[in-house]
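Report on the structure
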Amino acid sequence: MILIDGKKIAAELREELKKEVSELKTKHNTVPGLTVILVGEDPASKIYVKNKEKFAKEVGMNSEALRYPADLEEKTLLNKIEELNKDNNVSGILVQLPLPKHIDKRKVIETIDHRKDVDGFHPMNVGNLSSGYDSSIPCTPLGCSLLLKKVEKNLSGKHAVVIGRSNLNGKPMTQLLLKENCTVTITHSKTKDLKAECLRADIIIAAVGIPELVKGDWVKKGAIVIDVGINKTEKGIVGDVAFDEVSKVAGALTPVPGGVGPMTIACLLSNTVECFKKTQSK
Ligand code: GUN
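1. Points about the overall build of the chain
- Counting secondary structure elements, the chain contains 10 helices and 11 strands.
- Since a compact globule built from 282 residues should have a radius of gyration of about 19 Å, the 19 Å found for the chain is in line with a globular shape.
- By its C-alpha atoms, the chain is 50 × 40 × 35 Å across when sized along the principal axes.
- When each of the 282 residues of the chain is scored for burial, the buried share is 50%.
- For the chain, restricting intrachain contacts to residue pairs at least 6 apart in sequence, the fraction spanning at least 24 positions comes to 69%.
- Entry remark: accessible area of the chain is about 14,000 Å², with carbon and sulfur atoms responsible for 51%.
- Across the chain, the mean location of the 42 positive side-chain charges is 2 Å away from that of the 36 negative side-chain charges.

Listed below in structure tokens is the structure:
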């Protein structure tokens, strides 16, 4: 069984990005800039935002985190985004989700200039991805797809089962797998016989947020299993995959933590570099 070391692969990607940022600096006399916005005090979001800021700096980008109280007015946030849209020093804008209930997530996402949408959540990017055109690709599915490619170069014709249909993970993941010529089954918490669906899979992407849902006897021998879940339980952080059982049958498996998580931030940095390059070439 191959244990897919997301921590190491993400560190390699950041090393490549560091080199690229340095070359861009020589060429353009400026570097990509990432602005992350956090509204409120969600503990997990606070950690994510701190790490995004830290790693962006580490690869040599300009990086800024704007932190606002939970009672921030929606209009103030939208005005700030408009300001960042016009700021030439800002290549990428990310508003950390979830947002407080009184703020309309859709309005926020649609206010971000799609050319600075490093999350790939703007309808323009979602549409472009599903039509197979150039777009920002959501960071977690992009990270999963890079991990998959590390263990299997040619995904053509493989049967992939995606568990979860969220806009952040399941849906864009499906698009990426289709692009690689996989046959994709999208499943979710209401799917009737999830075990039977999973048993047919050459590739399983578990992104449903149910602790240790995917059991050892759900997995075909040799299948590649990517675990997107980060679930807090009494025994600590676990994924959507029962790691010990599944590691006995899978051909390759990502651990939690140390699998998909580190790739998400590395892909965010990569998306920021891509947004920067597009604005510089215009
Ligand atoms: N919250 C959890 N994951 C993400 C993500 O990929 N992007 C944003 N903006 N918020 C998140």
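2. A few points about the sheet that holds strand S5 (residues 159-163)
- Ordered in space as S1-S11-S8-S7-S5-S6, the six strands form an open sheet in which the pairing is parallel. Only two strands of the sheet have a single partner each, and these edge strands are strand S1 (2-3) and strand S6 (183-187).
- Inspection of the sheet shows S5 paired to S6 by five bridges, in the parallel sense. Considered in S6, the bridge of histidine 159 is made with threonine 183.
- Its contacts with the sheet place helix H6 (residues 139-151) against S1, strand S7 (203-206), strand S8 (224-227) and strand S11 (252-253), and it is angled at close to 155 degrees to S8.
- Against the sheet, helix H7 (residues 170-179) contacts S5, S6 and S7, and its axis sits at roughly 170 degrees relative to S5.

3. Quick notes on the sheet that holds strand S4 (residues 92-95)
- Read across the open sheet, the three strands follow the order S3-S2-S4; overall the sheet is parallel. Only two strands of the sheet have a single neighbouring strand rather than two, namely strand S3 (62-68) and S4. Neighbour-to-neighbour, the strand axes of this sheet turn through a mean angle of 15 degrees, independent of strand direction.
- Bridging between strand S2 (residues 33-39) and S3 involves seven bridges; their strand directions are parallel. Bridge assignment links isoleucine 37 to a residue of S3, and that residue is leucine 66.
- Together, S2, S3 and S4 form the strand contacts of helix H2 (residues 43-58), whose direction differs from that of S3 by roughly 160 degrees.

4. Overview of the side chain of aspartate 227
- Considering the arrangement of structural elements, one finds aspartate 227 in strand S8.
- In this structure aspartate 227 is buried but unpaired, with lysine 235 as the nearest side chain of opposite charge at 11 Å.
- Polar contacts involving the side chain of aspartate 227 include one to the main-chain amide nitrogen of valine 241, which spans 3.1 Å.
- Look past the residues within four positions of aspartate 227 in its chain and what remains in contact with it is Ala206, Gly239, Asp240, Val241, Thr254, Val256 and Val260.

5. Digging into the site of the ligand
- Around the ligand sit Leu94, Val95, Gln96, Leu97, Asp119, Phe121 and Leu168, and those are all the residues in its vicinity.
- Within the side chain of glutamine 96, an N or O atom sits 3.2 Å from a nitrogen atom of the ligand.
- One nitrogen or oxygen atom from the side chain of aspartate 119 is found 2.6 Å from a nitrogen atom belonging to the ligand.
- Its free accessible area being 280 Å², the ligand has 82% of it covered by the protein chains.
- Using a 2 Å cut-off from the grid points, one finds that the ligand occupies the largest pocket.
- Here the shell around the ligand is built from residues that sort into five nonpolar, one polar and one charged.

6. Quick word on the environment of isoleucine 210
- Following the sequence through the fold, isoleucine 210 ends up in the loop between S7 and S8.
- With relative accessibility at 32%, the residue isoleucine 210 sits in the partly exposed group.
- For isoleucine 210 and glycine 239, which are 29 residues apart along the polypeptide, the C-alpha to C-alpha distance reads 7.8 Å.
- Among all residues touching isoleucine 210, those that are not within four sequence positions of it are Ser189, Asn231, Gly239 and Asp240.

7. Observations concerning the pattern of salt bridges
- In total, this model carries 17 salt bridges according to the counting rule given.
- In this structure, aspartate 113 and arginine 115 form a salt bridge, with 2.7 Å as the shortest nitrogen-oxygen distance.
- When its relative accessible area of 15% is taken as the criterion, aspartate 113 is described as buried.
- With its nearest N and O atoms 3.5 Å apart, the salt bridge here joins aspartate 217 to lysine 195. Note that aspartate 217 is positioned in the loop between S7 and S8 and lysine 195 in helix H8 (residues 194-199), a separation of 22 residues in sequence.

8. As for the nonpolar core
- Leu148, Leu177, Ile203, Ile205, Ile226 and Leu269 are the most contacted members of the largest nonpolar core, which totals 50 residues.
- The residues touching isoleucine 205, leaving out its near neighbours within four places in the chain, are Leu148, Val161, Val162, Ile163, Met173, Leu177, Ile226 and Val228.
- In terms of nonpolar packing, the next biggest core, distinct from the first, is built from 18 residues, Ile37, Leu78, Ile81 and Val90 among them.

Scoring rules and cut-offs
- Residues numbered from 1 in each chain as written.
- Predicted model: local features only at pLDDT ≥ 70, side-chain atom pairs only at ≥ 80, totals over all residues.
- Heavy atoms only, no water.
- Helix = DSSP H or I, 4+ residues; strand = E, 2+ residues; numbered from the N terminus.
- Rg over C-alpha atoms; globule rule 2.2 N^0.38 Å.
- Buried < 20%, exposed > 50% of the residue type's maximum accessible area, 1.4 Å probe, protein only.
- Contact = heavy atoms within 4.5 Å.
- Areas by Shrake-Rupley, 256 points an atom, 1.4 Å probe, with all protein chains shown as cover.
- Lys, Arg positive; Asp, Glu negative; His and termini not counted.
- Charge placed at Lys NZ, Arg CZ, Asp CG, Glu CD.
- Pairing = 2+ DSSP bridges.
- Axes fitted to C-alpha atoms, helices over the stretch in contact; angles between N-to-C directions.
- Salt bridge = Lys/Arg side-chain N within 4 Å of Asp/Glu carboxyl O.
- Polar contact = N/O pair within 3.5 Å; in protein donor to acceptor, adjacent residues only side chain to side chain.
- Near = heavy atom within 4 Å.
- 1 Å grid on protein atoms, 1.4 Å probe; cavity = no way out; pocket = protein on both sides within 12 Å on 5 of 7 lines; lining within 4 Å.
- Sits in = over half its atoms within 2 Å of the grid points.
- Nonpolar A, V, L, I, M, F, W, Y, C, P; charged D, E, K, R; others polar.
- Core = buried A, V, L, I, M, F, W, Y, C linked by side-chain atoms within 4.5 Å.

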